[in-house]
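Here is how the chains run, residue by residue.
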Amino acid sequence: MQGKLINNSAKVASELNATFASKPVLAKLSRLGVTNKFELLLHLPLRYEDETHIYPINDAPEGKVVQIEGQIVHSEVLSQPRRQLVFQVADGSGVLFVRLLNFYGSQVKAFTVDKRVRLLGEMRQGFYGVEMIHPKCRVVHKGDPLADTLTPVYPTTVGLSQQMIRKLLEKLLNSHENIEFFSDTLPGSILAHYQLAGFKDSVMLLHKPPPDVSADSLQTRTHPAWRRIKFDELLAQQLSMRLHYRQRRSRNAPALPAKNKLTGALLASLTFGLTNAQKRTLAEVSQDLASPYPMQRLLQGDVGSGKTVVATLAALQAIENGYQAAIMAPTEILAEQHFHKLSGWLAPLEITVVWLSGRQKKKQRDAALAGIATGNALLAIGTHALFQEKVEFDRLGLAFIDEQHRFGVHQRLALSQKGKKASIVPHQLMMSATPIPRTLSMSYYADLDVSVIDELPPGRTPVITKLIAESRRDEIIMRIRDVCHTGKQVYWVCPLIEESETLQLKTAIETYETLSQMLSELKIGLVHGRLQAQEKSAVMKLFQQGEIQLLVATTVIEVGVDVPNASLMVIEHAERMGLSQLHQLRGRIGRGANTGICILMYQEPLSEIARTRLKIIFEHTDGFEIARQDLNLRGPGEFLGVRQSGVPMLRFTDLDKDFDLLDAAQSVADEVLSTHPQLARQHLQRWLGEKSEYLRV
Ligand code: ADP
Ligand code: MG
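The shown structure was predicted, so the numbers you read here are calculated from the model rather than taken from an experiment.

Colleague: Would you take a moment to explain the overall build of the chain for this structure?
Modeller: Counting its regular elements, the chain contains 24 helices and 22 strands. Dimensions of the chain along its principal axes, counting C-alpha atoms only, are 95 × 65 × 45 Å. Taking all 697 residues of the chain together, 53% fall into the buried category. In the chain, once contacts between residues fewer than 6 apart in sequence are set aside, the share between residues at least 24 apart is 76%. Charge-centre separation for the chain: the mean point of 81 positive side chains lies 5 Å from the mean point of 73 negative side chains.

Colleague: It is not clear to me how helix α23 (residues 659-675) should be interpreted in this structure. Could you clarify?
Modeller: What sets the pattern is the α-helix's 3.6 residues per turn: residues three or four places apart point alike. Taking 1.5 Å per residue as the helical rise, α23 with its 17 residues ought to reach 24 Å, and the 25 Å between its terminal C-alpha atoms agrees with that figure. Every buried residue belonging to α23 is among L661, L662, A664, A665, V668, A669, V672 and L673, and all of these are buried. Seen from one end, α23 has its buried residues packed into an arc of 160°, which puts them on one side. For α23, the elements touching its buried residues are α6 (188-193), α9 (224-249), α16 (438-443) and α24 (677-688).

Colleague: Explain empty space enclosed by the protein to me, please; I cannot follow it from the model alone.
Modeller: It is the rolling of a water-molecule-sized probe over the atoms that shows where space remains empty. Within this structure, the stated rule accounts for four cavities of 30 Å³ or more. Estimated volume of the largest cavity: approximately 60 Å³. For the largest cavity, the full set of lining residues is A433, T434, P435, S580, H583, Q584, G623, I626, A627, D630 and F639. Every element with two or more residues in the lining of the largest cavity is listed here: α20 (579-586) and α22 (623-640). In terms of residue count, α22 provides more of the lining of the largest cavity than any other element does, five residues in total.

Colleague: Just checking my understanding: could you explain the packing of aromatic side chains for this structure?
Modeller: In this description, an aromatic ring pair is defined by two values, namely the gap between the centres and the angle between the planes. Applying the stated criterion across every chain, the model contains seven aromatic pairs. Here the aromatic rings of F38 and F199 are separated by 5.9 Å at their centres, their planes lie at 25°, and the arrangement is stacked. Of this pair, F38 sits in helix α3 (residues 37-41) while F199 sits in helix α7 (residues 199-207), and the two are 161 residues apart along the sequence. Like F199, F38 is buried. Aromatic side chains F339 and W355 sit 5.7 Å apart centroid to centroid with 20° between the ring planes, which places their arrangement in the stacked category. One end of the pair, F339, is in helix α13 (residues 332-346); the other, W355, is in strand β12 (residues 353-356), and 16 residues separate them in sequence. Among the residues examined, W355 registers a relative accessible area of 16% and is labelled buried.

Colleague: Mind showing me how you'd approach the sheet that holds strand β22 (residues 597-602) here?
Modeller: As summarised here, the arrangement of the six strands in space is β17-β22-β21-β18-β20-β19, forming an open sheet in which the pairing is parallel. Of all strands in the sheet, those bounded by a partner on one side alone are β17 (464-469) and β19 (524-527). Taken pair by pair, the neighbouring strands of this sheet meet at an average axis angle of 20°, ignoring direction. Along the sheet, helix α17 (residues 473-485) makes contact with β17, β18 (489-493), β20 (550-553), β21 (566-571) and β22, crossing β18 at roughly 150°. Here helix α18 (residues 501-518) sits on the sheet in contact with β18, β19 and β20, set at roughly 180° to β19.

Thresholds, definitions, all that
Residues numbered from 1 in each chain as written. Chains lettered and ligands numbered in written order. Predicted model: local features only at pLDDT ≥ 70, side-chain atom pairs only at ≥ 80, totals over all residues. Heavy atoms only, no water. Helix = DSSP H or I, 4+ residues; strand = E, 2+ residues; numbered from the N terminus. Buried < 20%, exposed > 50% of the residue type's maximum accessible area, 1.4 Å probe, protein only. Contact = heavy atoms within 4.5 Å. Lys, Arg positive; Asp, Glu negative; His and termini not counted. Charge placed at Lys NZ, Arg CZ, Asp CG, Glu CD. Expected span 1.5 Å × (residues − 1). Arc of directions from axis to C-beta. 1 Å grid on protein atoms, 1.4 Å probe; cavity = no way out; pocket = protein on both sides within 12 Å on 5 of 7 lines; lining within 4 Å. Points joined across faces, edges and corners; volume = space filled by probe spheres on them. Phe/Tyr/Trp six-rings, centres within 6.5 Å; stacked < 30°, edge-to-face > 60°. Pairing = 2+ DSSP bridges. Axes fitted to C-alpha atoms, helices over the stretch in contact; angles between N-to-C directions.

What follows is the structure, given as structure tokens:
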């Protein structure tokens, strides 16, 4: 769908203006993310209070919020053990103690003997018998009517009371001018087919649930009304992804069909054959490249599954069509490693590969830039330096983003706009070793095509993981000596110190010094983020060549580094690291013929979450399983990382529990787009409004 989605009349009808609420109230609402009527309508309760009936004291369940009504039979202000207002309420069935620890003088006056009160709170066993601490309480008269619906409790903000929000919603729900605005965006046939509740009925019910509705199904958000809201939320996401996808298909990219000249030559020169998974994913990429619309594909594969060679073959397909390719990597070390590896592979084919780094000497850099601009350099490799303004490609046909989860949406975009003519967009292949669980790739990444390398090259044995307490450090150090004496190499990963990079550096240097003393006969190197690019690469080269036996490193080696002879890794303070980071680090070993061993050293006491993480990484080597558990642990917002913040998060849906809805939303999105485009437009406008722009990058 091209052009503005915003339908002006719909916009006016949904505006929240001064006739609806005062300016200060509108300002507070907007702090809650409520800027129009639809958003107010979707300001759904966090939970409900049940004031529709009264429990007798002796029959009220403990540990649940209940309503009690009775007469005050005793009331006093105690000063021991701390100042509190205590009164006893009797209802004929029993007596309840009420304690208010913070109270006003007005309450002392209100809650006196003989007054009739209604209390809402959790009952529990106290010192004198059953009690409620800080219940909601008010004076009533015999026979005052009870609420006839569950009472919604809304998210609030400072200066905006529950009462106020309830009033605003009441007004909104009762206003007749809004009929249009409650209308269903789904045709009856779809509602029936997917057994979905009507939209208006659903929001009405959630704001004003009748007393016979199961409070539990509201609380757990499994009630059909909740399911409808979640469905709509997912549908909006799917629609916007589908539209983005279609929009991309309407742009032009160079068609780069496989010619099997350069690719064939590289394949012939490799010392290994491709795995079936590599062949399959390469064929998917190759087919995309041959078509005249920009590819946007995500190549997923666990650490070590061999994404680089697939990318290189794809690059050659672009190059044999007379186009340039570019690979963007998240760190200098990784960019340089790619540069060396690919130069090695491509030099015999007489292909010029250049490398662009932020810290290069000007002369080198100018030469690289010139090569890129004239088209003489057929493959350019670099960090984000690649998409700075000065970099101008002659004929960029294909851009790669390695370890894509390390980049934000905007950086990805910048590279895709590097084509000379704005009308022609390069193809894009993103690579990720942080496997994205299916739920997430179906939702947040639904606008991408995904290829998965689900097989490791043959001959790899899974890394053995050991959990060892910090107190056994010396023992581990002796183990390193033994391993190095057999000709293998070792990584020692220094602790992550999030609060301070300086402190982290200091620790790394100290570790290097102590290890050098204790293992004086070994050749030891140190690499960390503050080293100059040349220094870093010199150290890495020595390690690659086996001139360094033990490499002390900060987490700069986390991504992509490939030294097959390294077979032991020690990670200090593993309890501080995230799951994906541990998995990535561990993936650096066990790449060659030797069985890799990864020692996770931890310091006690362990927090609950750290213990869980270590258990997961200890028990699993499959990156997809680890990612799935990581997602469960942290939720999608955290899992995807702040860098992905261009994507609106799901507010109501829990992808893990509501997976069936996601499947349905995906089918419905396609159906609605082709049969009811007008409704699709209306749905998106309601749910995403201006934000839908964001999804179109
Ligand atoms: P990743 O997917 O983590 O980026 P790499 O592309 O760095 O993995 O590959 C890991 C290692 O496996 C490299 O040394 C690479 O040359 C090697 N490799 C890739 N494909 C194969 C294969 N089919 N058979 C054997 N080794 C392979
Ligand atoms: Mg890689």
